[in-house]
Amino acid sequence: MSFQNSKLPNGINVVTFNMPYVSSVSINIIVKVGSRYESKRESGISHFLEHMAFKGTKTRSAEEIAKEFDVIGGYFNAYTSREHTVYYSKVLSENFDKALEILADILQNSLFMQADIDKELSVIMQEMASVNDNPDELVYEKFYSLAFEGQPIGKSILGDAKNLAKFQKEDFLNFLGKYYTAENIYISVAGNISHDKVINLVEKYFLLVKSSLSLPQVVPAKYRGGFIHTKKVLEQTSIALGFESVPYSNITEFYYTQILSVIFGGSLSSRLFQRIRETLGLAYSVGSFNSSYYDSGIFSIYAGSDHQNVEKLLTNLIIEINKIREHITEEELQRAKSQIKTSILMAEERPEYKSEEIGKNLALFGKYFATDEVLDVIMNINTRNLTECAEKIFASKPTLSIVGKIPKSFNFNLQKL
């Protein structure tokens, strides 16, 4: 197994990881642009553009794109986040050439026909309705809009419905020209294929990608916090409680928060699961996770509970928060390390994981962190590192988002934290 990276003459970054023992190849085309890069007028265009990429090119209809992938037995898809847009595929090694050519075609030759724009607008509106109907998703939409109030990073990745309706072909082409440039694209491939073959085919198929001298600056994130209640008739109430966390640029502290989250609410043996669900029976679903960005982060706790138990649930969450700020046992630490080590090493066997990992390493950090390097950082973490990390995170102003019904007597004081 070997990692290699190259920068093509036009500026495109190509990274590969050879896995000779597998029969497949996974491709990730990572573009460093997401919803937080958008101006107010562009709100939602990153995600809309990702949808439009599969709607037809100069030589293929949307149906032909789908059929050609089906013929080679591969799968392909895409997603948009706050900081990235990713197009990915997994195929047998023998079909790599064809898969890469199709991906190159949709990224460089999409037509953006008005009929397709109108149709996809309707699809995205349905996606928005689905989020609004799903309390687990809605609670986080409201959560982010409050945690980063009035900032691009806090707004919905799906965008604003009124704004989406204004987009025309020229808007998509302008956005492509601004962000889908060689220096901003990372093509990562993992599987049974050589680096030289990947380089040769990328050079062959990505001729139309232009270079750019500079990229627009992103608005820095400033965490704010606060409380928002969204009334909705539901069988139970959903909550998201969060705190300012660390950016991924601080790789050591980033792993502190990952381990902290495993101990606190990331597994069946975690404190939240054992206390909130198993002992008190206050929630069916409860847990925690950390989300980091290049200049900020959010450590969040999620749970769903009976309307009458919301205040009791929050009170007990605070009790657990205060406990973990004070003490973490060596046994908990070793269990979390074992979980993360197992998770990483098992994921290493999958080309789709490795392809995304190496691409994002280069896109985020400008370098690749070898597995041994990552595990070395993790294995050297001690309990004091984690309690200090917990103290720092939970000392920040909380963000609390509640979706559903709460009792009239509800008088939860965030100052308790």
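Since the model is a prediction, treat every value here as computed from it, not as a measurement. (Residues numbered from 1 in each chain as written. Predicted model: local features only at pLDDT ≥ 70, side-chain atom pairs only at ≥ 80, totals over all residues. Heavy atoms only, no water.)

S.K.: Any chance you could break down the overall build of the protein for me, citing the residues and the numbers?
M.R.: Across its full length, the protein holds 15 helices and 11 strands. Taking all 417 residues of the protein together, 55% fall into the buried category. When contacts within the protein are restricted to residue pairs at least 6 apart in sequence, long-range pairs at least 24 apart make up 81% of them. Summed over all atoms, the accessible surface of the protein reaches about 18800 Å², with 50% contributed by carbon and sulfur. (Helix = DSSP H or I, 4+ residues; strand = E, 2+ residues; numbered from the N terminus. Buried < 20%, exposed > 50% of the residue type's maximum accessible area, 1.4 Å probe, protein only. Contact = heavy atoms within 4.5 Å. Areas by Shrake-Rupley, 256 points an atom, 1.4 Å probe, with all protein chains shown as cover.)

S.K.: So what's going on with the packing of aromatic side chains? Which residues, and what values?
M.R.: Applying the stated criterion across every chain yields a total of 28 aromatic pairs. Here Tyr 140 and Phe 143 contribute two aromatic rings whose centre-to-centre distance is 5.3 Å and whose plane-to-plane angle is 70°, an arrangement assigned as edge-to-face. Of this pair, Tyr 140 and Phe 143 both sit in helix 5 (residues 135-147), separated by 3 residues, roughly a single helical turn. Using a relative accessible area of 0% as the deciding quantity, one classes Phe 143 as buried. Look at Phe 143 and Tyr 144: their rings are 5.8 Å apart centre to centre, the planes differ by 80°, and that puts the pair in the edge-to-face class. Like Tyr 144, Phe 143 is buried. These aromatic residues form a ring-pair network of at least three members: Tyr 140, Phe 143, Tyr 144, Phe 148, Tyr 223, Phe 289, Tyr 293 and Tyr 302. (Phe/Tyr/Trp six-rings, centres within 6.5 Å; stacked < 30°, edge-to-face > 60°.)

S.K.: Which residues make up the packing of helix 1 (residues 45-52) against helix 7 (residues 169-179), and what are the values?
M.R.: Two numbers describe how helix 1 lies on helix 7: the axes approach to 11 Å, and their chain directions differ by 100°. Judged on the interaxial angle alone, helix 7 and helix 1 are roughly perpendicular. Contacts between helix 1 and helix 7 involve Ile 45, Ser 46, Phe 48, Leu 49 and Met 52 from the former and Asp 171, Phe 172, Phe 175 and Leu 176 from the latter. When the residues that make up the contact of helix 1 with helix 7 are grouped by side-chain class, the tally is 7 nonpolar, 1 polar and 1 charged. (Axes fitted to C-alpha atoms, helices over the stretch in contact; angles between N-to-C directions. Parallel < 35°, antiparallel > 145°, perpendicular 65-115°, else oblique. Nonpolar A, V, L, I, M, F, W, Y, C, P; charged D, E, K, R; others polar.)

S.K.: Explain the packing of helix 9 (residues 251-265) against helix 12 (residues 330-347) to me, and be specific about the residues and the numbers.
M.R.: In the contact formed by helix 9 and helix 12, the axes pass within 9 Å of each other and the chain directions differ by 110°. Classed by the angle they form, the pair helix 9 and helix 12 counts as roughly perpendicular. Seen along the crossing, helix 9 lies across helix 12 with a hand that is right-handed. Two secondary-structure elements touch here, helix 9 through Gln 258, Ile 259, Val 262 and Ile 263 and helix 12 through Glu 332, Leu 333, Ala 336, Lys 337, Gln 339 and Ile 340. Considered class by class, the residues forming the contact of helix 9 with helix 12 number 6 nonpolar, 2 polar and 2 charged. (Left-handed = near helix turned anticlockwise from the far one by under 90°.)

S.K.: Got a sec to walk through the pattern of salt bridges? Specific residues and values, please.
M.R.: Between side chains of opposite charge, a pair can form as their charged atoms come close. Going through the model one piece at a time under the given rule, you end up with 25 salt bridges. Between Glu 120 and Lys 55 there is a salt bridge, and its shortest N-O distance comes to 3.3 Å. Taken as a pair, Glu 120 in helix 4 (residues 114-133) and Lys 55 in the loop between helix 1 and helix 2 (62-71) lie far apart in primary sequence, 65 residues in all. A relative accessible area of 29% means that Lys 55 is categorised as partly exposed. A salt bridge links Lys 67 to Glu 63; the shortest N-O distance between them is 3.0 Å. Taken together, the residues Lys 67 and Glu 63, both in helix 2 and 4 residues apart, mark about one turn of the helix. Taking relative accessible area as the criterion, Lys 67 reaches 48% and is therefore assigned partly exposed. In this structure, a network of salt bridges that share partners links the residues Arg 60, Glu 68, Lys 98, Glu 101 and Asp 105. (Salt bridge = Lys/Arg side-chain N within 4 Å of Asp/Glu carboxyl O.)

S.K.: Outline the sheet that holds strand 5 (residues 85-92), listing residues and values.
M.R.: Spatially, the 6 strands line up as an open sheet ordered 1-2-6-3-5-4, and their pairing is mixed. Sheet topology places strand 1 (2-7) and strand 4 (75-80) at the edges, where each strand pairs with a single neighbour. Strand-to-strand twist across the sheet, computed as the mean angle between neighbouring axes with direction ignored, equals 15°. Examined bridge by bridge, strand 3 (residues 24-31) and strand 6 (residues 185-191) share 7 bridges and lie antiparallel to one another. Considered in strand 6, the bridge of Val 31 is made with Ile 185. Docked against the sheet, helix 1 engages strand 4 and strand 5, running at close to 165° with respect to strand 4. (Pairing = 2+ DSSP bridges.)

S.K.: A description of the nonpolar core should follow, citing residues and the corresponding values.
M.R.: Grouped burial of nonpolar side chains is what soluble globular proteins tend to show. Counting 56 residues, the largest nonpolar core has Tyr 87 and Phe 206 as its most contacted members. No other element matches helix 3 (residues 96-108), which puts 8 residues into this core. For Phe 206, the residues in contact, after removing those within four places along its chain, are Asn 10, Ile 12, Ile 29, Leu 100, Ala 104, Leu 107, Gln 108 and Ile 187. Counting 45 residues, the second largest nonpolar core, distinct from the first, contains Ile 340, Leu 375, Cys 389 and Ile 406. (Core = buried A, V, L, I, M, F, W, Y, C linked by side-chain atoms within 4.5 Å.)

S.K.: Tell me what's going on with the side chain of Thr 16, and back it up with residues and numbers.
M.R.: On the secondary structure map, Thr 16 appears in strand 2 (residues 13-18). On the basis of relative accessibility, which here comes to 3%, the residue Thr 16 falls in the buried class. Side chain to side chain, Thr 16 and His 195 meet in a polar contact 2.7 Å long. (Polar contact = N/O pair within 3.5 Å; in protein donor to acceptor, adjacent residues only side chain to side chain.)

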